[in-house]
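# Examining the three-dimensional arrangement
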Amino acid sequence: MTVQTWHVEISAEECARLLASAVVGRLGVIIDGRPQIFPVNHVYDAVSGCVAFPTQPGTKLRAALGWPFVAFEVDGLEPDDKGGWSVLVVGTAEELTDPDQIRVLAARRHALWVADQSAHWLRIVPATVTGRRISAVRVTKRHGRRAPEV
């Protein structure tokens, strides 16, 4: 018996739904020429198609704004534990300064980490959004062909 995995591309609509359903994602930036990844408590803005999150002044903020592209990823497991999914957003980071826009986003965010008054809000304007599901199935070999195990 072996396990086979399949990768299936996720539609843009499903990517948007998964981005909106996830509470925590990971921001990938370049610092001193090396990749770094930071967990962020984000919100997905379906109107603009952007991911937004607060961050404190410092390394993450400088790196996100100082490089042409950033990456953002969310992922999860399927309820049956037979697979998972991943959505990747690649784009540019911009600082949000409109207090009304920040207030709306902050109200929609499921706050795990507190963002105080010194926080800067960033949004990732996507150049690409891609996603895939990964499924695993146990298989047995029957008469020279593989068949799903029952």
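Okay, so let's go over this structure. For clarity, every value in this text was computed on a predicted model and none was experimentally measured.

### Thoughts on the overall build of the chain
Along the chain, the regular secondary structure elements total three helices and nine strands. Tracing the chain from N to C terminus, the helices and strands come up as β-α-β-β-β-β-α-β-β-α-β-β. Its C-alpha atoms give the chain a radius of gyration of 19 Å, more than 25% over the compact-globule value 15 Å for 150 residues. Sequence-distant contacts in the chain: of pairs separated by 6 or more residues, those separated by 24 or more amount to 67%.

### Structural notes on the nonpolar core
The biggest cluster of nonpolar side chains holds 24 residues, and the ones touching the most others in it are Leu19, Leu27 and Phe72. Only helix H1 (12-21), strand S2 (24-31), strand S5 (50-55), helix H2 (59-66), strand S6 (70-77), strand S7 (83-96) and strand S8 (120-142) provide two or more residues apiece to this core. At four residues, S7 tops the list of elements feeding residues into this core. Beyond its immediate sequence surroundings of up to four residues, Leu27 is in contact with Gln36, Ile37, Phe38, Val40, Phe53, Lys60, Ala64, Val70, Ala71, Phe72 and Ile124. Residues Val43, Ile102, Leu105 and Trp121 belong to the second largest nonpolar core, which totals six residues.

### Let's talk about the pattern of salt bridges
Enumeration according to the criterion identifies seven salt bridges in this entry. Taking the shortest distance from any N to any O, the salt bridge between Glu78 and Arg133 comes out at 2.4 Å. Of this pair, Glu78 sits in the loop between S6 and S7 while Arg133 is found in strand S8, placing the two residues 55 residues apart along the sequence. With a relative accessible area of 24%, Arg133 lands in the partly exposed category. We note a salt bridge from Asp100 to Arg103, for which the minimum N-O separation is 2.4 Å.

### What to know about a nonpolar patch on the surface
Nonpolar side chains collect at one region of the surface, where Trp6, Val8 and Val137 lie side by side and expose about 250 Å² of accessible area between them. Mapping Trp6 onto the fold places it in strand S1 (residues 2-9).

### Remarks on the pairing of S5
A large share of S5 lies buried, amounting to six of its six residues. Of the two faces of S5, the one lined by Cys50, Ala52 and Pro54 and the one lined by Val51, Phe53 and Thr55 are each fully buried.

### Some details on the side chain of Ser86
Along the chain, Ser86 turns up in strand S7. Polar side-chain contacts of Ser86 include one of 2.7 Å to the side chain of Glu73. The contact partners of Ser86, leaving out residues within four places of it in the chain, are Ile10, Glu73, Val74, Asp75, Thr130, Gly131 and Arg132.

### Let's talk about the environment of Thr130
Within the secondary structure, Thr130 is located in strand S8. Thr130 gets classed as partly exposed once you look at its relative accessible area, which sits at 39%.

Quick notes on the rules
- Residues numbered from 1 in each chain as written.
- Predicted model: local features only at pLDDT ≥ 70, side-chain atom pairs only at ≥ 80, totals over all residues.
- Heavy atoms only, no water.
- Helix = DSSP H or I, 4+ residues; strand = E, 2+ residues; numbered from the N terminus.
- Rg over C-alpha atoms; globule rule 2.2 N^0.38 Å.
- Contact = heavy atoms within 4.5 Å.
- Core = buried A, V, L, I, M, F, W, Y, C linked by side-chain atoms within 4.5 Å.
- Buried < 20%, exposed > 50% of the residue type's maximum accessible area, 1.4 Å probe, protein only.
- Salt bridge = Lys/Arg side-chain N within 4 Å of Asp/Glu carboxyl O.
- Patch = residues over 30% accessible without salt bridge, like charges linked within 9 Å, V, L, I, M, F, W, Y side chains within 5 Å.
- Areas by Shrake-Rupley, 256 points an atom, 1.4 Å probe, with all protein chains shown as cover.
- Polar contact = N/O pair within 3.5 Å; in protein donor to acceptor, adjacent residues only side chain to side chain.

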